[in-house]
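Secondary and tertiary structure notes
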Amino acid sequence: MREKILQVLEKDARVDTEELAIRIGEDPDAVAAEITAMEKENIISGYNTMINWEKAGVEKVTAMIEVSVTPQRGMGFDAIARKIYQYPEVDSVSLISGSCDLMVTIEGTTLKQVASFVSEKLSLMDSVIQTKTNFILKRYKDHGIVMAETKKDERIPMS
């Protein structure tokens, strides 16, 4: 039952308990109790609203920053990740595989604000070796939600 509840809530956090119970074929009281238990266990860590800021007319700058670090003895990457995610500008921090160690996502109102965070806070941390900032230019799909419809290519194919 937990997995079914989580699958529905991940796509529609606004669904009420009665509707959720109907969708998964369970008793509403059992579903409510299970949701409460999962919230206490931090399996359900929060509820978010997907906002298309571009359509709302609000200018936002989102950057995904690749960060290479020196892991701390006995703490690995956890200690440096904890220091980074304490900043209010930081939306997410993930340990990743590939050419860098951490992916840090931040949001600001201007490119200058994001650049200042990187140059004045992130890059100056002792364990940070290198950063590479990537700006999101346009969101097409985010968390499974289509954010921007792409125009259909109406050109006639050439062979």
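Residues numbered from 1 in each chain as written. Predicted model: local features only at pLDDT ≥ 70, side-chain atom pairs only at ≥ 80, totals over all residues. Heavy atoms only, no water.

Thoughts on the overall build of the chain
Scanning the chain for helices and strands turns up six helices and six strands. What you see in the chain, going N to C, is helices and strands ordered as α-α-α-α-β-α-β-β-α-β-β-β. Computed over C-alpha atoms, the radius of gyration of the chain comes to 21 Å, more than 25% over the 15 Å expected from 2.2 N^0.38 for 159 residues, which places it beyond the range of a compact globule. With respect to the three principal axes, the spread of C-alpha positions in the chain is 60 × 55 × 35 Å. Considering only intrachain contacts with a sequence separation of at least 6, the fraction spanning at least 24 residues in the chain is 58%. As displayed, the chain offers around 11600 Å² of accessible surface, 50% of which is attributable to carbon and sulfur atoms. (Helix = DSSP H or I, 4+ residues; strand = E, 2+ residues; numbered from the N terminus. Rg over C-alpha atoms; globule rule 2.2 N^0.38 Å. Contact = heavy atoms within 4.5 Å. Areas by Shrake-Rupley, 256 points an atom, 1.4 Å probe, with all protein chains shown as cover.)

As for the packing of helix H1 (residues 2-11) against helix H3 (residues 28-40)
Two measures define how a pair of helices packs: the angle their axes make with one another and the distance between the axes. The contact between H1 and H3 brings their axes to 11 Å, and the two run at 80°. Between H1 and H3, the angle is such that the two are roughly perpendicular. Here H1 contributes Arg2, Ile5, Leu6 and Leu9 to the contact with H3, which in turn contributes Val31, Glu34, Ile35, Ala37 and Met38. Split by residue class, the contact of H1 with H3 holds seven nonpolar, no polar and two charged. (Axes fitted to C-alpha atoms, helices over the stretch in contact; angles between N-to-C directions. Parallel < 35°, antiparallel > 145°, perpendicular 65-115°, else oblique. Nonpolar A, V, L, I, M, F, W, Y, C, P; charged D, E, K, R; others polar.)

Quick notes on the layout of surface pockets
Empty pockets left among the atoms are what a rolling probe the size of a water molecule brings to light. Space inside the largest pocket adds up to approximately 1700 Å³. In this structure, the largest pocket is lined by 42 residues; those nearest its centre are Thr49, Met50, Ile51, Asp142 and His143. For the lining of the largest pocket, the elements supplying multiple residues, two or more each, are H1, helix H4 (53-56), strand S1 (61-69), strand S2 (90-95), strand S3 (102-108) and strand S5 (141-142). If one sorts the elements of the lining of the largest pocket by residue count, H1 sits on top with four residues. For the lining of the largest pocket, the class distribution of residues is 18 nonpolar, ten polar and 14 charged. (1 Å grid on protein atoms, 1.4 Å probe; cavity = no way out; pocket = protein on both sides within 12 Å on 5 of 7 lines; lining within 4 Å. Points joined across faces, edges and corners; volume = space filled by probe spheres on them.)

Quick notes on the environment of Glu34
Among the secondary structure elements, Glu34 is positioned in helix H3. Note: C-alpha distance between Glu34 and Gln113 (79 residues apart in sequence) is 42 Å. Other than its neighbours up to four places away in sequence, Glu34 contacts Met1, Arg2 and Ile5.

So, a nonpolar patch on the surface
Residues Ile51, Trp53 and Val58 make up a contiguous nonpolar surface patch of roughly 230 Å² in combined accessible area. Assignment of secondary structure puts Val58 in the loop between H4 and S1. What makes Val58 partly exposed here is its relative accessible area of 35%. (Patch = residues over 30% accessible without salt bridge, like charges linked within 9 Å, V, L, I, M, F, W, Y side chains within 5 Å. Salt bridge = Lys/Arg side-chain N within 4 Å of Asp/Glu carboxyl O. Buried < 20%, exposed > 50% of the residue type's maximum accessible area, 1.4 Å probe, protein only.)

Quick notes on the pairing of S1
Counting buried residues along S1, eight of its nine residues qualify, which places the element largely inside the surrounding structure. With seven bridges joining them, S1 and strand S4 (residues 128-135) adopt antiparallel strand pairing. The partner of Val67 across the bridge, within S4, is Thr131. (Pairing = 2+ DSSP bridges.)

Quick word on the nonpolar core
If you look at the biggest cluster of nonpolar residues, it comprises 17 residues, and the most contacted ones within it are Ile65, Val67, Ile80, Ile84, Val104, Ile106 and Leu122. Looking at this core, the elements with two or more residues in it are S1, helix H5 (78-85), S3 and helix H6 (111-122). Non-local contacts of Val104, meaning those with residues more than four positions away in its chain, are made with Ala63, Met64, Ile65, Val67, Ile84, Val90, Ser92 and Val93. Grouped together as the second largest cluster of nonpolar side chains are eleven residues, Leu20, Ile24, Ile35 and Met38 included. (Core = buried A, V, L, I, M, F, W, Y, C linked by side-chain atoms within 4.5 Å.)

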